[in-house]
Amino acid sequence: FFFPPPPATPDFCLSRGLGDVYKRQDKLLNKVKLALVPFLDMGGYNLNVDIESNQEDYTLSIDKWKNWVFELSGSYNNDKEESRKTNRYEIEFEIDKLTPEWRIGIDFSRNESNRNFFSEDNVYTSNRKTTSLRARVVRSISNHFSIGAFVGGFQNTYENVDFQRYIMPAIEYSLFPYEDVLSKEVTLAYRIGTGKRNYIEKTIYGYTKQVVYPHGLTLNVKFRKKWGNISSYIRGDQFLNDGTKKRLSLRSSLDIRVFEGLAVRFSSNINLIRDQYNLAASSTSTIEELLLQQRQIATDYKTSFSIGLSYTFGSIYNSVINTRL
């Protein structure tokens, strides 16, 4: 809950980078075919060669994006019937710049859901909002180790969080050399830090403000193919100020590349929850609030499944691939 999970799918910079790599491989193969044409012609062989694909404009070697890559995605849902109406939207924006030694990025997300239920002359309303801003700086120190720092802010009306901010240093070990990231990746990362929360209402533990000291361990596994990506991670989180507050999360995702920067994304989550510091003391005060899911209530688990689209644009010249932390 405190520290945001790893991306649901492999990072968009990598997806863009892989697409560029595959294009270069196709062009290189075509150039080899062109070089063999005179010899094959003497032998009477026929060979299909795309000559136009090797026509390159070298004036485009200057990258106007300066190796920055941007991803903007969103979705909107409208559901209406005689007794209820739902409107929901989600917007995400991510910026990344990569070098072999550094990974720097910022991402922002906004999610809002508004639901109305009609019963005779009464109207029941449920509104939920989530806003998140995160930043990271990661430094590669060897072909198997990386270190980094993460800072961010978060607001979630459903989880009774008015605003929370955090800072967390981290270290990561990669089972395979990072140079194998194009095909496979298995990493183990540890994070530890501190943060402060302001709650919308007093919690069941009597807090309106709270300082916490979270830490967590993450195992991340990813396999990448030309058609897309498949990944999974398992993460355990705990609060050092109270070891009984902890969480175990498992997430899997599948990206299917349609063309260029467009991809279809599937993901699923399973969470075992024992860290609900944030529960409002009055969260069980009315049956309407529970039925409308206006506030979070105590639970031991949570599961979800989602499908969506993403589109990546920006620099096509940045061949750097850096997925550390």
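The notes below deal with the structure included here. Treat the numbers as computed from the prediction; the structure is a model and nothing was measured.

### Comments concerning the nonpolar core
Moving on, step 1. The biggest cluster of nonpolar side chains holds seven residues, and these are Val138, Phe150, Tyr166, Met168, Ala170, Ala189 and Leu325.
Moving on, step 2. No other element matches the three residues that strand β6 (residues 161-174) contributes to this core.

### Observations regarding the pairing of strand β7 (residues 184-192)
Moving on, step 1. Both β6 and β7 contribute to a ladder of five bridges, which runs antiparallel. When the bridges of β7 are listed, Ser174 appears paired with Thr187.
Moving on, step 2. Sheet topology places β7 next to strand β10 (residues 214-225); nine bridges connect them, and they run antiparallel. Note that in β10 the partner of Ala189 across the bridge is Thr218.

### Considering the packing of aromatic side chains
Moving on, step 1. For the structure shown, the criterion picks out five aromatic pairs.
Moving on, step 2. With centroids separated by 6.3 Å and ring planes inclined at 20°, the aromatic side chains of Phe70 and Phe93 adopt a geometry described as stacked. Here Phe70, found in strand β1 (residues 68-80), pairs with Phe93, found in strand β2 (residues 84-98); they are 23 residues apart in sequence, far enough to count as distant.
Moving on, step 3. An aromatic cluster is present here, built from Tyr205, Tyr207, Phe239 and Tyr277 joined pairwise through their rings.

### Remarks on the pattern of salt bridges
Moving on, step 1. As enumerated under the stated definition, the model contains 14 salt bridges in all.
Moving on, step 2. Put simply, Arg84 and Glu81 hold a salt bridge, and the shortest N to O gap is 3.5 Å.
Moving on, step 3. Under the relative-accessibility criterion, Arg84 is labelled partly exposed at 26%.
Moving on, step 4. The residue Arg235 makes a salt bridge to Asp237 at a minimum N-O spacing of 2.6 Å. With respect to class, Arg235 is no different from Asp237; both count as buried.
Moving on, step 5. Linked through salt bridges whose partners overlap, the residues forming this network are Glu94, Asp96, Asp107, Arg134 and Arg136.

The rules we used
Residues numbered from 1 in each chain as written. Predicted model: local features only at pLDDT ≥ 70, side-chain atom pairs only at ≥ 80, totals over all residues. Heavy atoms only, no water. Core = buried A, V, L, I, M, F, W, Y, C linked by side-chain atoms within 4.5 Å. Buried < 20%, exposed > 50% of the residue type's maximum accessible area, 1.4 Å probe, protein only. Helix = DSSP H or I, 4+ residues; strand = E, 2+ residues; numbered from the N terminus. Pairing = 2+ DSSP bridges. Phe/Tyr/Trp six-rings, centres within 6.5 Å; stacked < 30°, edge-to-face > 60°. Salt bridge = Lys/Arg side-chain N within 4 Å of Asp/Glu carboxyl O.

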